[in-house]
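Fold and geometry: a report
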Amino acid sequence: MTIAPAVGPPVELHPFAATRLSPARVGDPASARLLARPHRAVPERIQRWRRLGNLVQDDRPALYVHEYSSQGLAVRAVVGLAAVHRSAATLAGPGIVPHEDVDRHQAEELAARMHAMRVNPAPILLAHRAGAATRACVDDATLAAPLTDYVDRAGQRHRFWAVTDEAAVADLAASFREARLLVADGHHRLAAYQLLDAEETEPGWDRGLVMAVDQSDTPLFLGAIHRVLHGVDAMALVDAVRLRGIGDLRHLGDASPVVALDQRTLVVTTGEDSWAVTIPESSTFAPVEVLHRELLPHVPAHRVEFHHTAEAALARLTSPARGAEERTVVLVPALTYDAVDAVVAAGRRLPEKATSFQPKSSIGAIMRAF
């Protein structure tokens, strides 16, 4: 894994002319073929889809307010192009700050794909605590009727406002200069943006598409991501907890493992037998960090599988296994936004798949085409 550099302040947010799938196409799985291989054919495909009316191309650069609703949650974000050329001296202050490391090979593949397509296909999802100036700008922008308002094929409602007035664009952009923007989703895309900035001389590659959600206004939901450990005996994990003196270990027996899960407690289970491991409040590390830093390095070589629900993870304990392979599930508590931010501010990175920020907007609702 490679450390993804944070983008240093001041945060530069620039307007752009958005490319959007037509409302009938957003949320339709068939629309994925727009960005399908061969990637070098995507620019021509985009032009053809524009002629057919499948794509809408705005003619004026703007910063956008995008509001989308999914399963009862409404999220409002500011969308623009963020400059990525400046590295942050510290993770504790303003800037665009990742909370996970990235696989460099995957970032390189993404950079090559975006360069061939000449498209940022989806914004990086950022979360922050907006200041009064940003909120005032967003409130002013949304006083007008939206540029577009529709429900997509996946059931998400989308409303867009385009901020095109020069003074209003300047005010909204200025309100982000000292913002602290946590990467919620898109760590590899941020790394790809940075690679393209370093490698390309053509104007435009020094900026990437982002959307910033105010966690104090329309917060993203943070879900847990649970682990299925293949080739690990649950007792090996329990013994590691005992030997290393990690937290309070409680044997749950055949009681429901889900009931014991809470903000500071991991649950190790075979499906028939379970143990709760409560990490004390005095620990500076989140439970998922303790699992990956203190426990997993001390069990035999294994493969980790990730699931977004406890039900899906526990179901893997009864699904057919390869040979006599042992499986152990570790249920992991969800982190709060402030807990994730505190980890980053302390100069640490969370393990892979430690957070799940939801909901995300449907692909194609807003893109940036060169």
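All values derive from a computational prediction rather than experimental measurement.

It is worth spelling out the layout of surface pockets at this point. Empty space within the largest pocket amounts to approximately 470 Å³. The wall of the largest pocket is formed by 22 residues, among which Glu 100, Asp 185, Gly 186, His 188 and Lys 353 lie closest to the centre. Every element with two or more residues in the lining of the largest pocket is listed here: α2 (104–117), β11 (180–185), α5 (187–199) and β20 (356–358). Each residue belonging to the lining of the largest pocket can be placed in one class, and the counts come to five nonpolar, nine polar and eight charged.

Where two aromatic rings form a pair, the distance of their centres and the angle of their planes describe that pair. If you walk through the whole model with that rule in mind, you get two aromatic pairs. The side chain of Arg 368 reaches across the aromatic face of Phe 370, ending 3.9 Å from its centre.

With that settled, the discussion passes to the pattern of salt bridges. One pass over the full model with this rule turns up 19 salt bridges. When the shortest N-O distance is used, the salt bridge between Glu 12 and Arg 86 registers 3.1 Å. Of this pair, Glu 12 sits in the segment before β1 (13–14) while Arg 86 sits in the loop between β5 (73–83) and β6 (95–97); the two residues are 74 residues apart in sequence, bridging distant segments of the chain. By relative accessible area, Arg 86 is classed as partly exposed at 28%. Residue Arg 244 pairs with Glu 294 through a salt bridge whose shortest N-O separation is 2.8 Å. Within this pair, whereas Arg 244 is found in helix α6 (residues 234–244), its partner Glu 294 is found in helix α8 (residues 287–295), the two being separated by 50 residues in sequence. The class for Arg 244 is partly exposed, based on a relative accessible area of 39%. Because the salt bridges share partners, they merge into one network encompassing Glu 67, Arg 76 and Arg 159.

So, on to the packing of α2 against α5. For the pair α2 and α5, the least separation of the axes is 8 Å and the interaxial angle reads 65°. The way α2 lies across α5 gives a crossing that is right-handed. Facing Arg 104, Gln 106, Ala 107, Glu 108, Leu 110, Ala 111, Met 114 and His 115 of α2, the residues of α5 in contact are His 188, Arg 189, Ala 191, Ala 192, Tyr 193, Leu 195 and Leu 196.

What follows concerns the sheet that holds strand β19 (residues 327–331). Read across the open sheet, the six strands follow the order β15-β17-β16-β19-β14-β18; overall the sheet is antiparallel. If you trace the sheet from one side to the other, it starts and ends with β15 (248–253) and β18 (303–307), each paired once. Neighbouring strand axes in the sheet, compared pairwise and without regard to direction, differ in orientation by 20° on average. Two elements, strand β16 (residues 265–269) and β19, share three bridges in a ladder whose sense is antiparallel. Each bridged residue has a counterpart across the sheet, and for Thr 269 the counterpart in β19 is Val 329. Its contacts with the sheet put α6 on β14 (226–230), β15, β16, β17 (274–278) and β19, and the angle it makes with β17 is roughly 30°.

Once that is clear, we can look at the environment of Leu 182. Of note, Leu 182 is situated in strand β11. Distance from Leu 182 to Thr 2, taken between C-alpha atoms, is 18 Å for residues 180 residues apart in sequence. Beyond its immediate stretch of four places on either side in the chain, Leu 182 contacts Val 97, His 99, Leu 125, Leu 126, Ala 127, Tyr 337, Val 340, Asp 341, Val 344 and Phe 357.

All of the buried residues along helix α1 (residues 42–52) are Val 42, Arg 45, Ile 46 and Trp 49. Relative to the axis of α1, the buried residues are bounded by an arc of 105° and lie together on one face. Across α1 from its buried face, at more than 90 degrees, point the exposed residues Glu 44 and Arg 51. At its buried positions, α1 is contacted by β2 (19–21), β3 (55–57), α2, β7 (119–120) and β21 (368–369). At the C-terminal side of α1, Gly 53 shows a positive phi close to 85°.

Scoring rules and cut-offs
- Residues numbered from 1 in each chain as written.
- Predicted model: local features only at pLDDT ≥ 70, side-chain atom pairs only at ≥ 80, totals over all residues.
- Heavy atoms only, no water.
- 1 Å grid on protein atoms, 1.4 Å probe; cavity = no way out; pocket = protein on both sides within 12 Å on 5 of 7 lines; lining within 4 Å.
- Points joined across faces, edges and corners; volume = space filled by probe spheres on them.
- Helix = DSSP H or I, 4+ residues; strand = E, 2+ residues; numbered from the N terminus.
- Nonpolar A, V, L, I, M, F, W, Y, C, P; charged D, E, K, R; others polar.
- Phe/Tyr/Trp six-rings, centres within 6.5 Å; stacked < 30°, edge-to-face > 60°.
- Lys NZ or Arg CZ within 6 Å of the ring centre and 35° of its normal.
- Salt bridge = Lys/Arg side-chain N within 4 Å of Asp/Glu carboxyl O.
- Buried < 20%, exposed > 50% of the residue type's maximum accessible area, 1.4 Å probe, protein only.
- Axes fitted to C-alpha atoms, helices over the stretch in contact; angles between N-to-C directions.
- Left-handed = near helix turned anticlockwise from the far one by under 90°.
- Contact = heavy atoms within 4.5 Å.
- Pairing = 2+ DSSP bridges.
- Arc of directions from axis to C-beta.

In short, the description is geometric, and any link to function would need to be established separately.
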